[in-house]
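Working through the structure, step by step
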Amino acid sequence: MINKKSVKDIDVSSKRVLVRCDFNVPLDKETGEITSDKRIVESLKTICYLRDHNAKIVLCSHIGKTGKNISLAPVAKRLSELLNQEVRLLKDIDSEETKNVVYHLAEKEIVLLENTRMTEAEEANDMEFAKKLASFGEIFVNDAFGTAHRAHASTEGVTHFLPSVCGFLIEKEIEALDHGINNPKRPLVAIIGGAKVSSKIGVLTNLLDKVDTLLIGGAMTYTFVKAQGGKIGNSLCEEDKVDVAAEILKKALEKGVRMLLPVDNVVAKEISNDTETKICGVDEIPDGYMGLDIGPKTIELYKGEIEVAGTVVWNGPVGVFEYQNFEKGTREIAKAMADSNAVTIIGGGDSAAAVEKFGLEDRMSHVSTGGGASLEFMEGKKLPGIEALQDK
Ligand code: AMP
């Protein structure tokens, strides 16, 4: 359970409410159009609640990296369409005009401040900048789960100046992840894939204390296989993490966690859709070949585990799913999760992108909007953007 106050626990009527949303949406490189408005749609529940309760609403968010100076103009346009009301973009937060507009907002009116990462002060969590942002509100609502793992001016800094609570998206994310990992319907099966063991050590270690079964996929497989003395050809391997991989395998054994590695895989000489592919045992990959997806026997093995699970948590694709040649494993895992009766939780980032690509989003219990944030949550870390909010 989330022990933080939410927007429902405070009176927002007639108040200026500064809302940190996650409008970091993907834009088409050529047209600048939004290619997925999922994050905007996910923010609507909190915004509509505030509007229904007569708040004066000041939205803010980052988009893209600091230094890229990407405008939130397409987001303001999309929000206006979705909310059926003009959402004005305030381009210069230092201007007198912006102050004027914000201080004279009417109830239910909504404005959007320009990209908080237009300045380096945002990521530096600069208190002067945080104070300036805070001056636009009387209450702060953080609903940006995607950046909750970062202590930035608009996520953590502002909480030093305003009464601060969470929005519905953060509440939903934490409840789903917390329930899935800390209070799950058992057996709890975690599928961990992706490129590197190094970026998943924290998750693997934390999950060893929580899960009944751990299914490994993706490129990180080969560091584990190497640790077991298998032949991995030219597959990705983090040589300096072979010992860590061996340690994780040992710990799983000690803790009674069933940790399964793929038994077979799809291999190829290069990552391309034109190249010839073969199936072989995961520990007998010929020189010159790379393991790029789980094979048919592994798919069946993992599907069996998913079928009997009470909860399945997934982070990281099990193959190079961006290429048709190597997407089958990831697709079949997603399908098995969609078909199962288990509580199914997708931990954002690439796994969420894969589920979206296969059109299975609506058939999962929860698809997180925050890759990094959900990863840190699964590592058992506290998220500063959430920690800083008022306790219930
Ligand atoms: P991560 O950000 O660590 O979750 O890694 C996701 C990336 O891992 C995706 O872009 C996948 O294409 C990539 N990936 C998954 N399996 C493999 C593999 N066997 N070899 C190389 N890359 C992989």
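Quick summary incoming for the structure in this document. For every chain, the first residue of the written sequence is number 1, and numbering continues from 1 along that sequence. Given that the model is predicted, a residue must reach a pLDDT of at least 70 before its local features are reported, and side-chain atom pairs must reach 80 or more before they are shown or counted; all residues, however, enter totals for whole chains, interfaces and linings. Heavy atoms throughout the structure, all of them, feed into the side-chain values; hydrogens and water do not.

1. Re the pairing of strand 7 (residues 188-192)
Of all 5 residues in strand 7, 5 are buried; the element is thus mostly enclosed. Burial classes: relative accessible area under 20% of the type maximum marks a residue as buried, over 50% as exposed, and values in between as partly exposed (1.4 Å probe, protein chains only). Put simply, DSSP H or I for four residues or longer makes a helix, DSSP E for two residues or longer makes a strand, and each gets a number counted from the N terminus. Every second residue of strand 7 is oriented toward a common face, with Leu188, Ala190 and Ile192 on one face and Val189 and Ile191 on the other, all of them buried. With 5 bridges connecting them, strand 7 and strand 15 (residues 311-315) associate as parallel partners. Its bridge partner being in strand 15, Ala190 is matched across the sheet by Val313. Two strands form a pair only when DSSP identifies at least two bridges running between them. Relative to strand 8 (residues 213-216), strand 7 runs parallel, the two being bridged by 4 bridges. Bridging across to strand 8, Val189 finds its partner in Thr213. Classification remark: right-handed applies to a crossover when, strands pointing away from the viewer, the course from the first strand over the helix to the second runs clockwise. With helix 6 (residues 201-208) bridging strand 7 and the parallel strand 8, this β-α-β connection has right-handed handedness.

2. Section: the site of the ligand
Proximity is defined per residue: if any heavy atom of the residue lies within 4 Å of a molecule or strand, that residue is considered near it. As a structural note, the neighbourhood of the ligand is formed by 15 residues, with Ala195, Lys200, Gly291, Glu322 and Asp350 the closest of them. For the ligand, an oxygen atom lies 3.0 Å from a polar atom in the backbone of Ala195. Pairs of N or O atoms within 3.5 Å make up the polar contacts considered here, provided that, within protein, one atom can donate a hydrogen while the other can accept it, and that residues adjacent in sequence are counted only when both atoms are side-chain atoms. Measuring from an oxygen atom of the ligand, one finds a side-chain N or O atom of Asp350 at 3.5 Å. Within this scheme a cavity is a closed region of a 1 Å grid, computed over the protein atoms alone, that accommodates a 1.4 Å probe without allowing it to escape, whereas a pocket is open but has protein on both sides within 12 Å along at least five of seven lines; lining residues each have an atom within 4 Å of a point. A molecule is counted as occupying a cavity or pocket when more than half of its atoms fall within 2 Å of that pocket's grid points. Comparing atom positions with the cavity grids shows the ligand to sit within the largest pocket. All residues other than Ala, Val, Leu, Ile, Met, Phe, Trp, Tyr, Cys, Pro, Asp, Glu, Lys and Arg, Gly among them, are scored as polar; the first ten of these are nonpolar and the last four charged. Taken together, the residues of the shell around the ligand break down into 7 nonpolar, 5 polar and 3 charged.

3. Quick notes on the sheet that holds strand 15
Sheet architecture is open: 6 strands sit in the order 10-8-7-15-16-17, paired in parallel fashion. Looking at which strands have only one partner, the edges of the open sheet turn out to be strand 10 (258-260) and strand 17 (366-367).

4. Digging into the sheet that holds strand 2 (residues 56-60)
Strand order in this open sheet of 6 strands is 3-4-2-1-5-6, and the pairing throughout is parallel. Edge strands, defined here as strands with exactly one partner in the open sheet, are strand 3 (87-90) and strand 6 (164-166). In this sheet, neighbouring strand axes are inclined to one another by 25 degrees on average, regardless of whether the strands run parallel or antiparallel. Direction of pairing for strand 1 (residues 16-20) relative to strand 2: parallel, over a ladder of 5 bridges. Note that in strand 2 the partner of Arg16 across the bridge is Lys56. Here an axis means a line fitted to C-alpha atoms, over the contact stretch when the element is a helix, while the angle between two N-to-C directions is reported on a 0 to 180 degree scale.

5. Focus on the nonpolar core
To define a nonpolar core, start from buried Ala, Val, Leu, Ile, Met, Phe, Trp, Tyr and Cys residues and group those joined through side-chain atoms within 4.5 Å. The biggest cluster of nonpolar side chains holds 37 residues, and the ones touching the most others in it are Phe145, Leu214 and Phe224. Of all elements in the fold, only helix 5 (168-182), strand 7, helix 6, strand 8, helix 8 (242-255) and helix 12 (371-378) reach the threshold of two or more residues within this core. One finds Val17, Ile57, Leu89 and Ile110 within the second-largest nonpolar core, a separate group that totals 29 residues.

6. A look at the packing of helix 1 (residues 38-52) against helix 5
Direction vectors running N to C along helix 1 and helix 5 enclose 130 degrees, while the axes themselves pass 7 Å from each other. By the angle between their axes, helix 1 is oblique relative to helix 5. Of the residues in helix 5, those touching helix 1 at Glu42, Lys45, Thr46 and Tyr49 are Phe168, Leu169 and Lys172. Here the residues of the contact of helix 1 with helix 5 are counted per class, giving 3 nonpolar, 1 polar and 3 charged. Angles below 35 degrees are treated as roughly parallel, those above 145 as roughly antiparallel, those between 65 and 115 as roughly perpendicular, and all remaining angles as oblique. In what follows, a contact means two residues having at least one pair of non-hydrogen atoms within 4.5 Å.

7. Concerning helix 4 (residues 127-134)
By the burial criterion, the buried members of helix 4 are Phe129, Ala130, Leu133 and Ala134. Seen end-on, helix 4 carries its buried residues on one side only, within an arc spanning 140 degrees. Against the buried residues of helix 4 lie strand 1 and strand 4 (110-113). The backbone nitrogen of Glu128 lies 2.9 Å from a side-chain oxygen of the residue at the head of helix 4, namely Asp126. Throughout, the arc means the angular range of directions from the helix axis out to the C-beta atoms.

8. A few points about empty space enclosed by the protein
Grid points are joined across faces, edges and corners, and a volume is the space filled by probe spheres set on the points. Scanning all chains against the criterion turns up 1 cavity of 30 Å³ or more. By volume, the largest cavity amounts to about 40 Å³. Lining the largest cavity, in full, are Gly217, Gly218, Thr221, Tyr222, Pro262, Asn265, Gly291, Leu292, Asp293, Ile294 and Val318. Those elements that place two or more of their residues in the lining of the largest cavity are helix 7 (221-227) and strand 14 (290-294). Here the lining of the largest cavity takes 4 residues from strand 14, the largest share from any one element. Grouping the constituent residues of the lining of the largest cavity by class yields 5 nonpolar, 5 polar and 1 charged.

9. Re the environment of Ala268
As for its position among the elements, Ala268 is in strand 11 (residues 264-268). Residue class for Ala268 comes out buried when judged on its relative accessible area of 0%. Separated by 34 residues in the primary sequence, Ala268 and Asn234 place their C-alpha atoms 9.5 Å from one another. Dropping the residues within four chain positions of it, Ala268 is found in contact with Thr275, Glu276, Thr277, Gly288, Tyr289, Met290, Leu292 and Phe326.

10. Here we look at the layout of surface pockets
What the largest pocket holds in volume is close to 1,000 Å³. In terms of lining, the largest pocket is formed by 48 residues, of which the most central are Glu322, Gly349, Asp350, Ser351 and Gly371. For the lining of the largest pocket, the elements supplying multiple residues, two or more each, are strand 14, helix 11 (349-357) and helix 12. Counting residues per element, the lining of the largest pocket draws most heavily on strand 14, at 4 residues. Here the residues of the lining of the largest pocket sort into 17 nonpolar, 21 polar and 10 charged. Reported here for the second largest pocket is a volume of approximately 350 Å³. Around the second largest pocket, the lining comprises 17 residues; the ones closest to its centre are Ile174, Phe377, Lys381, Lys382 and Glu387. Mapped onto the lining of the second largest pocket, the elements with two or more residues apiece are helix 5 and helix 13 (384-387). In terms of residues, the lining of the second largest pocket owes the most to one element, helix 5, which gives 4 residues.

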